[in-house]
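# Examining the three-dimensional arrangement
Chain residues, written in single-letter form:
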Amino acid sequence: MKIILFGATGMVGQGVLRECLLDAGVESVLAVGRSPTGQRHGKLHEIQRDNFLDFADIESELTGYDACFFCLGVTALGLTEERYRQLTYDITMAAATTLARLNPGMVFTYVTGAGTDSTEQGRLMWARIKGKTENDLLKLPFRAAYMFRPAVIQPLHGIRSKTAWYQMVYDVAAPLLTWLHRVAPKYATTTEQLGRAMIKVARDGYPKPVLENADINAI
Ligand SMILES: NC(=O)c1ccc[n+]([C@@H]2O[C@H](COP(=O)([O-])OP(=O)(O)OC[C@H]3O[C@@H](n4cnc5c(N)ncnc54)[C@H](OP(=O)(O)O)[C@@H]3O)[C@@H](O)[C@H]2O)c1
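Quick look at the structure, then. Here, residues in each chain are numbered from 1, in the same order as that chain's written sequence. With pLDDT at 70 or above as the cut-off, local features in this predicted model cover only qualifying residues; side-chain atom pairs require 80 or more to be listed or tallied, and sums for whole chains, interfaces and linings still use all residues. Side-chain numbers here rest on the full set of heavy atoms in the structure, without hydrogens or water.

### A closer look at unusual backbone geometry
- Positive phi, normally seen in glycine, also occurs at Glu 120, with a value near 65 degrees.
- Within the fold, Glu 120 resides in the loop between strand 5 (107-111) and helix 3 (125-137).
- Even without a glycine there, the phi angle at His 157 is positive, about 60 degrees. In this text, helices come from DSSP runs of H or I with a minimum length of four residues, and strands from runs of E with a minimum of two, each type numbered from the N-terminal end.

Below, the structure written as structure tokens:
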């Protein structure tokens, strides 16, 4: 598989990138980001840019791919609804609309989150916007699209969150998260499990388009 990865410098994206580079079935990874991954690998190519709302200038470089793993995303904490929508809905749809037109055979996987509101009507701003993003992604003419809704994600293999206080929580709670992942698969997963599940679903498909945390852990 030839894969385009958005958000490769984030906690989730670093985990997904690691699994892609390790997987013999992944031929190449194109990381599209605003900052470098800092990694060198024969399978990895990178495009750095500031504009994530219009990809017209790099369309030729975004053509010929089998799957997109979209891990770019932000926490809603401290953001207005308008800003969170720009960073969540607008960026994701701009990329996905372009990719669907350029790669009709593509499988698109989007990392959203547990609690996403498919009705788009609920109380929680972030959940409504993620819900609208999911719903509109599922209408695009991809070969298939899958929405991954992880709950708490434990970073493994030295992967660190860029948000310092998140990382502090992960460090302190690491034993609890390891235990939770084992005994309560609804509530926690790992960067490794999530990355492997995204690769497997892109390769083999999945019976439903929305995967909850327990589904991700069962793959
Ligand atoms: N972490 C969790 O436990 C968890 C749980 C459930 C769901 N999720 C979801 O997973 C997704 C990724 O989360 P994460 O924890 O990996 O976040 P993160 O560590 O903060 O990484 C965010 C990624 O998005 C990129 N990004 C952010 N704003 C951008 C912008 N304006 N333009 C271009 N790139 C931008 C970042 O690039 P830079 O490196 O350049 O900043 C980075 O690659 C989010 O949608 C989040 O809601 C996370």
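There is more to say after this.
### Focus: the packing of aromatic side chains
- Each Phe, Tyr or Trp ring, with Trp reduced to its six-membered ring, pairs with another whose centre is within 6.5 Å; inter-plane angles below 30 degrees give stacked pairs, above 60 give edge-to-face pairs, and intermediate values give tilted ones. All told, the structure shown has seven aromatic pairs when counted by the stated rule.
- In textbook terms, an aromatic cluster arises when at least three aromatic residues are bridged by ring pairs, as seen for Phe 6, Phe 52, Phe 55, Phe 70, Phe 108, Tyr 110 and Phe 142.

### Considerations on the site of the ligand
- Note on definitions. A residue lies near a molecule or strand when any single heavy atom of the residue is within 4 Å of it. Surrounding the ligand, one finds 22 residues, the nearest of these being Thr 9, Val 12, Ser 35, Lys 130 and Lys 162.
- Gly 7 places a polar main-chain atom, nitrogen or oxygen, 3.3 Å from an oxygen atom of the ligand.
- Counted as a polar contact is a pair of N or O atoms within 3.5 Å, where, for protein atoms, one must be capable of donating a hydrogen and the other of accepting one, and residues adjacent in sequence contribute only when both atoms are in side chains. Between Tyr 170 and the ligand, the recorded distance is 3.0 Å, taken from a side-chain N or O atom to an oxygen atom.
- Only the protein chains shown count as cover for residues, and the accessible areas themselves come from Shrake-Rupley with a 1.4 Å probe. Notes on the ligand: free accessible area 910 Å², of which the protein chains cover 83%.
- The classification used treats Ala, Val, Leu, Ile, Met, Phe, Trp, Tyr, Cys and Pro as nonpolar, Asp, Glu, Lys and Arg as charged, and all other residues, Gly among them, as polar. Partitioning the shell around the ligand into residue classes produces 13 nonpolar, six polar and three charged.

### What to know about the environment of Pro 141
- Position of Pro 141 relative to the elements: it lies in the loop between helix 3 and strand 6 (144-149).
- Separated by 89 residues in sequence, Pro 141 and Phe 52 place their C-alpha atoms 20 Å apart.
- Contacts: residue pairs with any heavy atoms within 4.5 Å of one another. Discounting chain neighbours no more than four positions away, the residues touching Pro 141 are Ala 100 and Pro 104.

### Notes on the pattern of salt bridges
- The term salt bridge refers to a side-chain nitrogen of Lys or Arg lying within 4 Å of a carboxyl oxygen of Asp or Glu. Inspection of every chain in the model, using the stated rule, returns 15 salt bridges.
- With a closest N to O distance of 2.9 Å, Asp 23 and Arg 203 form a salt bridge. Here Asp 23, found in the loop between helix 1 (11-22) and strand 2 (28-33), pairs with Arg 203, found in helix 5 (residues 191-204); they are 180 residues apart in sequence, far enough to count as distant.
- In this structure, Lys 139 engages Asp 136 in a salt bridge whose closest nitrogen and oxygen atoms are separated by 3.1 Å.
- Think of it in three bands: with a 1.4 Å probe and only protein chains considered, a residue is buried below 20% of the maximum accessible area for its type, exposed above 50%, and partly exposed in between. Overall, Lys 139 belongs to the exposed group, its relative accessible area being 63%.
- Salt bridges here are not isolated pairs; linked through shared partners, they connect Arg 18, Glu 19, Glu 192 and Arg 196.

### Comments concerning the sheet that holds strand 4 (residues 67-70)
- A pair of strands is labelled paired if DSSP reports no fewer than 2 bridges between them. With parallel pairing, the seven strands of this open sheet are ordered in space as 3-2-1-4-5-6-9. Each having just a single partner strand, strand 3 (44-48) and strand 9 (210-212) make up the two edges of the open sheet. Taking the axes of each pair of neighbouring strands and ignoring which way they run, one obtains an average angle of 20 degrees across the sheet.
- Note that strand 6 and strand 9 share three bridges and pair parallel. Following the sheet pairing, Met 147 is matched in strand 9 by Val 210.
- Running at roughly 160 degrees to strand 6, helix 5 makes contact with strand 4, strand 5, strand 6 and strand 9 of the sheet. Interaxial angle, 0 to 180 degrees, is taken between N-to-C directions of lines fitted to C-alpha atoms, where a helix line uses only the stretch in contact.

### Quick look at the side chain of Glu 192
- Note that Glu 192 resides in helix 5.
- Looking at Glu 192, its side chain comes within polar contact range of the side chain of His 157, at 2.5 Å.
- Setting aside anything within four residues of it in sequence, one finds Glu 192 in contact with Arg 18, Glu 19, Leu 156 and His 157.

### Things to note about empty space enclosed by the protein
- Grid spacing is 1 Å over the protein atoms alone, the probe is 1.4 Å, and a cavity is where that probe fits but cannot get out, while a pocket is an open set with protein on both sides within 12 Å along at least five of seven lines and lining residues have an atom within 4 Å of a point. Grid points are joined across faces, edges and corners, and a volume is the space filled by probe spheres set on the points. Tallied over the full model, the rule gives one cavity of 30 Å³ or more.
- Gly 7, Ala 8, Thr 9, Ala 31, Val 32, Gly 33, Ser 35, Thr 37, Glu 46, Ile 47 and Gln 48 together form the lining of the largest cavity.
- Secondary-structure elements contributing two or more residues to the lining of the largest cavity are strand 2 and strand 3.

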